[in-house]
Amino acid sequence: MILIQAPVITVDLVLNGLLLGAIFALAAYGMALVWGVMSIINIAQGEFVMLGGYVAVMMYWGGIHPLLAVPVAALVMFIVGWALYRAVIFRIVDRDLFVSLLATFGLSILLQQLMNTAFSGNVQIAEAGLGTMFLFDGLVTLSQIKVVAFVLAIVVGGCMVVFLKRSRMGQAIRATAQNARAARVMGIDTDRVYAVTYGLNAALCGSCGALVAMAYSIHPYIGLPYTIRSFMIVVVAGLGNFAGVIVAGLGLGAAENLAGFILGAQYQLAFVFGLLVVVLVWRNWRLAAKRQYLK
Amino acid sequence: MRITRTLVLAAAGAVAFGGAALAEDTVTLGSAISLTGNYSTNGEHTQRGYDLAVEKINEAGGVKIGDKTYQIEVKYYDDESTPARGAELVERLVKQDGIELILGPYGSGLTKAVAPVTEELQVPMVEANGASRSLFTNGWKYIFATLSTSEQYLASAIDLAAENAEALGKKPDEIKVAVVVENDPFSADVRAGVVEDMEKYGMKLVIDDQFPRELNDMSATLTKIKALKPDVLIVSGHSKGATTAIRQLSEQKVSVPVVAMTHCDSADIIGNFGAASEYTLCATQWAPSLAYKDDLFGSAADYAKTFEAKYGYAPPYQAAESSAAVQVFADALERAGTTDKTAVRDALAATDMETFYGKIKFDETGKNIAKPMALYQVLDGEFKIVAPSAVAETKAVIPRPAMN
């Protein structure tokens, strides 16, 4: 009702939702990458986001502008991701999906508890002090940090596509994703490719986390919703489809925000999951329609 | 089945007896508390509150039970912030360790898991951090709470709005209220208390949103607030709710004349947001500036000094109410003249004392009915008590001036 009477509110909701979605998309890039290349569904995705957030919070405490934390968190998390691959993940790459789910689930609990011990369970924030943009007489408000996040998500998405298409490492990653065995035969060090892939994923999540700490808030148990939304975005977009990831991420953010407004906040997450089911059913139905049987 | 159970109990009793004989002049209280997991920060505040009171009481010579003085000691277990674990550990405290005087865990959820155990084993529990009113509607006889229950948290904000209705340019029954709470038992109680109080004045509930625990974004709700322009905004969602609300209210430039919330101090809204937190009303169980005092700690301000000297930060109310719980136990033990659990329970029920934390007197359900909730307002970067009026430091600024 009110949405039709005051279209400007709809604009506000959709814009804020798009900005929210961009942050999800960042984490989802990483998940798409790891899932596509290594066939691992990384349950610890949200925990990487959380760790990146703590990098930003620490820099904020140290008096450094938290926007700088976006690249720093990416770098730190790349190293963390690399180290985790060398310690844990390499053991599960070629194993059953169930094993990798369990292992990354274990990692997520470990990271949560470590951060809880180090930083306590309190809610933390990093304040970038960027202020807010007002449109239409202040009826539409966009916090600038979210706009920064949005632009960054688009740019990073573009960079990922170019990186995978053009660079040697990107080509090696794609080759490994297509057929790891053949890639090994062709002289690609797949172990290194996996380590870089996992590190890249952690780096993407890290920069996402720094943005979350600046735009929203973080605490050690914030991870799960980010894991779930990444999963949902990747499922909707399809593996290896980076343009799809950003579109799905933005769409999800906008839809979620509108649903929160219309149905009330209590149904906001329920709506996300409902949407996931609808998308999966619809997909299956489309596929079934196209399916051809050989006789 | 029954025989084995009796045997186990007898064995546990024997162990307990042996243990008691060794440490002759100490009384041991037991507590399963969240030292790790989700509630570890507040669990630590709780533990420090207990420890500080124990230390003070022992320094002052201990507790006189009958004609003998005892030192107090607390045995802790870590419940890992998990209700099932908490219940299990309290059972272990009683059955294996033979401790029959229990101090409560942190939080309503855990207290609710533990209370049925203490009830079944008929051991008294004094708790300081379970505020949910559902703890006091089951006819439980062995639970005693030093704090005010959660439906009282923000009800006083509604009273305050009604008192200042004229300043808001309305009659009390024209005031529009938006309630935004997290989807958990505590916040549901807060909401119930607010709604009950609103009905008293005939105020209108225009927004009634419950956001899930996982959500750290309330921009959709705030857009709704911007459209419907309520006079009062009530937020309850622990530290995350307070942090999110303050940050997004200023980001989206939503101006509501009266904003009241819980957990402002644990979210450190002043330190984190400075000017954006100005004029926010905050519910608190206790504050160092309140005019309560006792013989052990002195005034509330003295307690704050003692606590800060030992732990290096100002005591949150979670610590204060925990210290008070130990004082309640010590008082009841002295009056009972024995450590027998039934006698102590009866002495607890008859408690009527004054502490630095406020007056403590339990009704038949075990909740403290002598101490009101207090309300702070952030004024010039400081928390000032504005309600209840009997102990207020200054008058509340209502409506809050528009943000620039």
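Each chain carries its own residue numbering, running from 1 in the direction its sequence is written. Lettering for chains starts from A, numbering for ligands starts from 1, and both go in the order in which the items are written. Thresholds applied to this predicted model are a pLDDT of at least 70 for local features of residues and 80 or more for the giving and counting of side-chain atom pairs; totals over whole chains, interfaces and linings are not thresholded and use all residues. In computing side-chain values, all of the structure's heavy atoms are included and hydrogens and water are not.

### Quick word on the overall build of chain B
What chain B contains, in helices and strands, is 13 helices and 17 strands. Computation of the radius of gyration draws on C-alpha atoms, with the globule rule given as 2.2 Å multiplied by the number of residues to the power 0.38. Computed over C-alpha atoms, the radius of gyration of chain B comes to 22 Å, within 12% of the 22 Å expected from 2.2 N^0.38 for 404 residues, which places it in the range of a compact globule. With the C-alpha coordinates aligned to their principal axes, the bounding extent of chain B is approximately 70 × 45 × 35 Å. Counting the 404 residues in chain B, one finds 57% classified as buried. Restricting to contacts in chain B with at least 6 residues of sequence separation, those with at least 24 account for 68%. Element-wise, carbon and sulfur atoms account for 51% of the exposed surface of chain B, whose accessible area totals about 15500 Å². Charged residues are defined narrowly, with Lys and Arg counted positive, Asp and Glu counted negative, and His plus the chain ends left uncounted. Here the site of a charge means NZ on Lys, CZ on Arg, CG on Asp, or CD on Glu. Computing the positive centroid from 39 side-chain charges and the negative centroid from 55, chain B places the two 4 Å apart. Segments assigned H or I by DSSP are reported as helices when at least four residues long, segments assigned E as strands when at least two residues long, and all are numbered from the N terminus. Exposure is judged per residue with a 1.4 Å probe applied to protein chains only, and the accessible area is read against the type maximum: over 50% gives exposed, under 20% gives buried, and values in between give partly exposed. For this analysis, residues touch if any pair of their heavy atoms sits within 4.5 Å. For accessible areas, the Shrake-Rupley method is used with a probe of radius 1.4 Å. Any residue's cover is judged against the shown protein chains and nothing else.

### Considering unusual backbone geometry
Residues A387(B) and P388(B) are joined by a peptide bond in cis, for which omega reads -5°. Positionally, P388(B) belongs in the segment after β17 (382-387). The omega angle of the peptide bond from I398(B) to P399(B) is -5°, so this bond is cis rather than trans. One can find P399(B) in the segment after β17. Positive phi values are uncommon outside glycine, yet S39(A) reaches one of about 55°. Along the chain, S39(A) turns up in the loop between α2 (7-38) and α3 (45-61). Even without being glycine, D268(B) reaches a positive phi, approximately 50°. Assignment of secondary structure puts D268(B) in the loop between α9 (264-267) and α10 (269-273).

### Some remarks on the environment of D79(B)
All names here are of chain B. Within the secondary structure, D79 sits in the loop between β3 (68-78) and α3 (83-95). Taking C-alpha positions, D79 is 19 Å from L135, a pair spaced 56 residues apart along the chain. Filtering out sequence-adjacent residues up to four positions away, D79 remains in contact with A32, I33, S34, R85, G86, L89, P105 and L110. Of the polar contacts made by the side chain of D79, one reaches the side chain of S34; its length is 2.8 Å. Definition of a polar contact: a pair of N or O atoms within 3.5 Å, with one able to donate and the other able to accept a hydrogen when the atoms are protein atoms, and with sequence-neighbouring residues admitted only if both atoms are side-chain atoms.

### Quick look at the environment of A145(B)
With respect to the secondary-structure elements, A145(B) resides in strand β6 (residues 143-145). Not counting the four nearest positions on each side in its chain, A145(B) is found in contact with E127(B), F136(B), F362(B), G366(B), K367(B) and N368(B).

### Examining the interface of chain B and chain A
Taken together, the contacts link 36 residues of chain B with 44 residues of chain A. The junction of chain B with chain A conceals about 3000 Å² of combined surface from both sides, 51% of it contributed by carbon and sulfur atoms. Values labelled buried area give the accessible surface lost by two parts on being combined, using a 1.4 Å probe and summing over both. On the chain B side of the contact with chain A, N216(B), R247(B) and E251(B) bury the most area, a combined 20% of that side's loss. The salt bridge criterion pairs a side-chain nitrogen of Lys or Arg with a carboxyl oxygen of Asp or Glu, the two atoms within 4 Å. The partner of R247(B) in a salt bridge is E127(A), with the nearest N and O atoms 3.5 Å apart. Along the contact surface separating chain B from chain A lie eleven residue pairs in polar contact (both at pLDDT 80 or more). For the side of chain B that touches chain A, the elements supplying multiple residues, two or more each, are α2 (40-59), β8 (204-211), α7 (219-228), α8 (238-251) and α10 of chain B. Gly is put with the polar residues, along with every residue not named as nonpolar or charged; the nonpolar set is Ala, Val, Leu, Ile, Met, Phe, Trp, Tyr, Cys and Pro, and the charged set is Asp, Glu, Lys and Arg. Here the side of chain B that touches chain A is built from residues that sort into seven nonpolar, 19 polar and ten charged.

### Overview of a nonpolar patch on the surface
Any residue with relative accessible area above 30% and no salt bridge may belong to a patch, with like charges joined within 9 Å and the nonpolar Val, Leu, Ile, Met, Phe, Trp and Tyr side chains within 5 Å. Together, I262(A), L263(A) and Y267(A) give the surface a local cluster of nonpolar side chains, amounting to about 320 Å² of exposed area. Relative to the elements of secondary structure, I262(A) occurs in helix α11 (residues 242-263).

### Describing the domain arrangement of chain B
Residue and element names in this part refer to chain B. Per the domain assignment, the segments of chain B are domain 1 (2-148 + 289-361) and domain 2 (152-284 + 373-391). How far each domain reaches was decided by an automatic or database domain assignment. Look at where the C-alpha atoms of domain 1 and domain 2 centre, and you get two points 32 Å apart. Facing the nine residues of domain 1 at the interface are 13 residues of domain 2. Here domain 1 packs against domain 2, burying approximately 1100 Å² in sum over the two surfaces, 51% of which is carbon and sulfur. Among the residues domain 1 hides against domain 2, the three largest losses belong to R133, S148 and Y317. Together they make up 47% of the total. For the interface between domain 1 and domain 2, the tally reads one salt bridge. Here R133 ties to E196 by a salt bridge, and the two come within 3.8 Å at their closest N and O atoms. Taken together, the links from domain 1 to domain 2 amount to two residue pairs in polar contact (both at pLDDT 80 or more).

### What to know about the state of the cysteines
Disulfide assignment relies on a single distance test, namely cysteine sulfur atoms paired within 2.5 Å. This structure, assessed with the given rule, holds one disulfide over all chains. At a sulfur-sulfur separation of 2.2 Å, the disulfide partner of C264(B) is C282(B). Given an S-S torsion of about -95°, the disulfide between C264(B) and C282(B) has left-handed geometry. Remark: C282(B) occurs in strand β11 (residues 281-284) and C264(B) occurs in helix α9; sequence separation between them is 18 residues. We note that C264(B), like C282(B), is buried. Of the cysteine sulfurs around C159(A), a residue in no disulfide, the closest is that of C208(A), at 16 Å. Judged by its relative accessible area of 47%, C159(A) falls in the partly exposed class. With no disulfide of its own, C205(A) has C208(A) as its nearest cysteine by sulfur position, at a separation of 6.5 Å.

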